[in-house]
Amino acid sequence: MALADREWIGRELFAAKGRLMTSLKNWWHPPTPKNEASRTPTPEPHFLRRLFLWMPRRMLHFDFTCPNCPDKSLRSKSVYNRVRLVLDMRDFYYLAVEYLDCNRCNGTFMSWDKGIMDQLPEGVRAQFPVVLTHKYA
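One numbering rule holds for all chains: residues counted from 1, following each sequence as written. Whole-chain, interface and lining totals are the exception, using all residues; otherwise, since this is a predicted model, local features are given only for residues with pLDDT of at least 70 and side-chain atom pairs are given and counted only at 80 or more. Values shown for side chains rest on all heavy atoms present in the structure; no hydrogens or waters enter the calculation.

Novice: I would appreciate a short explanation of a nonpolar patch on the surface in the present structure.
Specialist: Residues form patches when they are more than 30% accessible in relative terms and have no salt bridge. Like charges link within 9 Å. Nonpolar side chains (Val, Leu, Ile, Met, Phe, Trp, Tyr) link within 5 Å. The protein chains shown are the only cover counted for residues, whose accessible areas, like all others here, come from Shrake-Rupley with a 1.4 Å probe. Counted as salt bridges are all cases of a side-chain nitrogen of Lys or Arg within 4 Å of a carboxyl oxygen of Asp or Glu. A grouping of Leu85, Leu87 and Phe92 is seen on the molecular surface, where their side chains present a nonpolar patch of about 270 Å² in accessible area. Among the secondary structure elements, leucine 85 is positioned in strand β6 (residues 84-87). The buried label applies to any residue whose accessible area, calculated with a 1.4 Å probe on protein chains only, is under 20% of its type's maximum; exposed applies above 50%, and partly exposed to all values in between. For leucine 85, a relative accessible area of 40% corresponds to the partly exposed category. Each helix corresponds to a stretch of at least 4 residues labelled H or I by DSSP, and each strand to a stretch of at least 2 residues labelled E; elements are numbered beginning at the N terminus.

Shown next as structure tokens:
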């Protein structure tokens, strides 16, 4: 992830170091570049990428069960520390997902995992805009 993208996402998504904002949404858009006549313009603000945040447990209060221990609920461990770069019809954007864990089997799961997505109602699942492949999104 580009440094300029990391900076704006960090300011928008986190209230403090390691603590997410309380009001979350799926799509996050970079700030509009400022038109400062007194400074030499730089290209970076014009090429910032948007972010899609997929955290159904935290944002929709959905209770997932562990795919390995079907009677045990999963806990949210926050946002996974790596984002994926996604290519859509217009441009690239980042995909950040929730990291879930089971305290019984110590299993960890991304919120895009098939076993997690299959637990969501079809209408919620349809909000996830990505078709994931092994290497690319």
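Novice: Explain the confidence of the model for the protein to me, please; I cannot follow it from the model alone.
Specialist: Caution applies to low-pLDDT regions: their predicted coordinates should not be interpreted in detail. Confidence of the predictor at the level of single residues is given by pLDDT, which spans 0 to 100. On average, residues of the protein score 87 in pLDDT, and 93% of them reach the 70 mark or higher. The lowest-confidence element of the protein is strand β2 (residues 19-20), averaging 84 in pLDDT; the highest-confidence one is strand β4 (residues 51-54), averaging 95.

Novice: Whenever I open this one, the pairing of β4 confuses me. Can you help?
Specialist: Consecutive residues of a regular strand have side chains that alternate between opposite faces of the sheet. Every second residue of β4 is oriented toward a common face, with Leu51 and Leu53 on one face and Phe52 and Trp54 on the other, all of them buried. Relative to β4, strand β3 (residues 27-28) is paired through 2 bridges, and the arrangement is antiparallel. The partner of tryptophan 27 across the bridge, within β4, is phenylalanine 52. Both β4 and strand β7 (residues 92-101) contribute to a ladder of 4 bridges, which runs parallel. For phenylalanine 52, the partnering residue across the bridge sits in β7 and is leucine 95. Whether two strands pair depends on DSSP finding at least two bridges between them.

Novice: Would you mind showing me how to read the side chain of serine 78 here?
Specialist: Following the sequence through the fold, serine 78 ends up in strand β5 (residues 75-79). Every residue in contact with serine 78, bar those within four places of it in the chain, is listed here: Leu20, Met55, Val97, Glu98 and Tyr99. Throughout, a residue-residue contact means that at least one pair of heavy atoms, one from each residue, lies within 4.5 Å.

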